[in-house]
Amino acid sequence: MPTTLRWLAPFISFCIAATGGPLWASPVDDSVVIALITDGPSREAWDLGDELMTELEDLTRGEIELQFIPFAGDWTQEGLEAAVERAWNDPAIEMVLVSGLVANQVLGTYDHYPKPTFLPLVADAELFGLPRAGTGSGQENLFYLSDEISFPVDLASLLELTPINKLALLVDQVLFDVVTRIRSEAGMMAAEADVELMVIPYSDPDGDLLALIPEHAEAVMIDGLARLDEAEVDGLIAGLIDRGLPSFAMMGPELVERGLLISNTQDSEYQRIARRNALAMQAVMLGESAAEQPVEFDAKRRLLVNLETAQQIDVWPSYRLLVEAKLIGGDIGRGAPTMTLAEAAREALRANLSLLAETFGVDAGAEDIRTARAAFLPQITAGLSGVRLNSDSAAVSSGSVADTSLSGSVTVSQLVFSEDARANLAIQRSLQDSRVAELDAFRLDTVQAATLAFLEVLRAETQFRIQRDNLDRTQTNLELARGRVSVGAANAADAYRWESELASARQAAINAHAQRMRARENLNRVLNRTIDEPLDLSPPSLDDGEIFTSSDELEALIDNPKGFRLMTEILVQQGLDQAPELRSIEAAIAAKERELAALRRAFFLPTVALQGELSEVLAESTRAAGFPSLEGETDWSLGLSATLPLWEGGARTARRDKAALELQQLRATFDASLESIEQNIRSNMHLANASYASIELAEEGAEWANKNLELVEDLYAEGAVDITQLLDAQSAAVQADEAASNAVFNFLVDLMNANRAVGHFDLFLGPTQRLKLLEEMTKQLSQGS
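This report concerns the structure included in the present document.

Definitions and cut-offs
- Residues numbered from 1 in each chain as written.
- Predicted model: local features only at pLDDT ≥ 70, side-chain atom pairs only at ≥ 80, totals over all residues.
- Heavy atoms only, no water.
- Helix = DSSP H or I, 4+ residues; strand = E, 2+ residues; numbered from the N terminus.
- Buried < 20%, exposed > 50% of the residue type's maximum accessible area, 1.4 Å probe, protein only.
- Expected span 1.5 Å × (residues − 1).
- Pairing = 2+ DSSP bridges.
- Axes fitted to C-alpha atoms, helices over the stretch in contact; angles between N-to-C directions.
- Contact = heavy atoms within 4.5 Å.
- Core = buried A, V, L, I, M, F, W, Y, C linked by side-chain atoms within 4.5 Å.

With respect to the helices and strands, the residue L431 is situated in helix α18 (residues 419–486). The class of L431 is partly exposed, set by a relative accessible area of 29%. The spacing of L431 and I369 is 62 residues in sequence and 9.2 Å in space, taken between C-alpha atoms.

Here's what the structure looks like:
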């Protein structure tokens, strides 16, 4: 049974049991002429006529031929009354279907209906005072549909979004004049909520409707804008936003999509209305009474909030509303450019701060090579010295030395041979190679972090959607339980249990919302973006060529234990050949080997250096008679030295032995890393293989779990199963949906981890490289098999 008909199951079963057979057993005419009453000449106004006619035609196709004759009012009470009188007085007309929003309310005030008349769009039957007897109208020839608690519920929704004390209700003048109870009843309902209600009628759609709203009004409820064309509607909405007024659309979500703040109605409700009306008209065509058709319409309410409007008027929904409501505009990804998985990886390589810090570290390490190389270049030192001696000293008194002198010198030294310097240069080069390899590993880690963060956002978004759907389903089942309780088909325990489930579902949705925001902020951090910057992510597809290289031929080759083993061997070899971790350790081993060689040679290789000095006495005091001044005298020297430490107390031996042990440690580390990398590749390949195989199974499980849930929901509506079975079915469906979504993300996560383990990401391969890689792998696999 379709979802939209679930609520009809108990009623249909009851009617079949009461009559002893199906309702459609009575004979009917082959054709029916129906008057279609509209509000007036079209101004692109809101009218459900087409949908009402289409639904009725679909329901009666092949059994009854329908003919619709339009009767239009002129947007006045008199014009509408004249139109319906013409329809009633026309002998060819057998039924009257009212599609105009205003006409529905006007005709709802009548107390006499000469022909079967159908009013599917009554805004609030209780507020407008329509008759009611049992489940039907009780009024001969009258059928209507209305949600009897719409105004108080709508008011409560508006108050939950923004607390106010003064509310303007903008209504059509025709409704204001005809439905006199709207002023008193609605006012009392508002007063119970501590809100002053100001009913504002309008009759001139070309007038300034905004000027009718009092300045002290804090919010506006709009009961339809049937007379306005699109430009007039948009002008009114823009004016409300400019005044910062929260607005509530009482009739339909279209106005919220165009800029009003909030509504409680869903698009799907009009389809349900059209179907309910069609079923009632069909029943009357089959000989039943219009007065006995069920008129209560249990609206499937869901709050609709325009977040762009909320931002413009600075009114913000609570987190509870955010997770329960359907949101239009202003979402956390709106306005941001779409980002793919590959683009996120490239962005991380360009902007990640941790990677930038590592890059600076590698650049700084390169300067150690320049420092080590400098030891082999000439070293030049300039000196300036001044001396003042005691004038009473023998040397000064005798005149052989001046008591004050100033000398300058330049010293040039050149290292001829040094094993330590040669070793240091080689070691620094190897260490830089190690740092570069570590940077390559860090780049791979950064890409892995970015891709996993990207996928985690999508996973969190999916989980949030699942929890939101579960919340909607729980609300629907609560409404169903309340309906069953009201007719005595269940006790209040069912409703209480669903209330408890609803609270849990809300909590789960709020937690899922928090996780999605946390995941988005983490991705922004990895990409070095503003933490709360909007994100619009493009979900990757399993056959997306940017994610992994594959083909039907390749998949066929590895879809068995032998092919999978051969593929794993190929990837293990690739991983070991290009693993930056191994290159880093190899470079560190080369550095340590050179250090050990230098320490061994230190026992017999001296350090040889050449040094020259040029000095000159720049100034001195006058010496004693007979001793010439040395001022201006220049001296030079040139020397070659060779030094070799003979004994350092065993320090050289200790340094040598330590280096030998550290070399063994590095070699052992290399072997351990070799094993670890191989094991990591194999492990991730197994995980990816298993998670890929799980996708189809999980999707099948979700499909069957949801089919089971639909069946159990129908059976619960009919009273054939109890609440426990429905709760179990719903819980199983939620878990299956989570498993199905997680299966895809688990595979993609395992795939990214496998890419990291192998040491390259297919994300960065061009089409030519992909094709070449695919051909090489296919060839190797074919040869191996």
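Now that the structure has been shown, the text picks up again.
As a further point, take helix α21 (residues 561–578). For α21, built from 18 residues, the straight-helix expectation of 26 Å at 1.5 Å per residue is met to within 8% by its first-to-last C-alpha distance of 26 Å. Taken residue by residue, α21 has G563, F564, L566, M567, T568, I570, L571, V572, Q574, G575 and L576 as its buried positions.

Spatially, the seven strands line up as an open sheet ordered β7-β6-β8-β9-β10-β11-β12, and their pairing is mixed. Pairing within the sheet leaves two strands with one partner each, and these edge strands are β7 (196–202) and β12 (326–328). Pairing between strand β9 (residues 247–249) and strand β10 (residues 262–263): two bridges, direction parallel. For A249, the partnering residue across the bridge sits in β10 and is S263.

In terms of residue burial, β7 counts as a mostly covered element, since five of its seven residues are buried. Pairing analysis gives seven bridges linking strand β6 (residues 166–172) to β7, with the strands arranged parallel. Note that in β7 the partner of A168 across the bridge is M198.

Another point: the sheet that holds strand β4 (residues 117–119). Pairing is parallel across the open sheet formed by five strands, whose spatial order is β2-β1-β3-β4-β5. Single-partner strands in this sheet number two, and they are β2 (65–72) and β5 (142–144). The mean angle between the axes of side-by-side strands here comes to 25 degrees, regardless of whether they run parallel or antiparallel. Helix α2 (residues 49–60) rests against β1 (31–38), β2 and β3 (95–98) of the sheet, and its axis sits at about 165 degrees to β2.

Here we come to the environment of V749. Checked against the element boundaries, V749 lands in helix α24 (residues 723–758). Look at V749 and you get buried, because its relative accessible area is 19%. Along the sequence, V749 and A453 sit 296 residues apart, while their C-alpha atoms lie 9.7 Å from each other. Ignoring any residue separated from it by four or fewer positions in sequence, one finds V749 in contact with L452, L455 and R459.

With respect to the helices and strands, the residue T162 is situated in the loop between α6 (150–161) and β6. The residues contacting T162, other than those within four sequence positions of it, are P246 and V315.

The biggest cluster of nonpolar side chains holds 57 residues, and the ones touching the most others in it are I34, V96 and M285. If one sorts the elements of this core by residue count, helix α12 (residues 267–285) sits on top with eight residues. For V96, the residues in contact, after removing those within four places along its chain, are A35, I37, V84, A87, W88, P116, T117 and F118.

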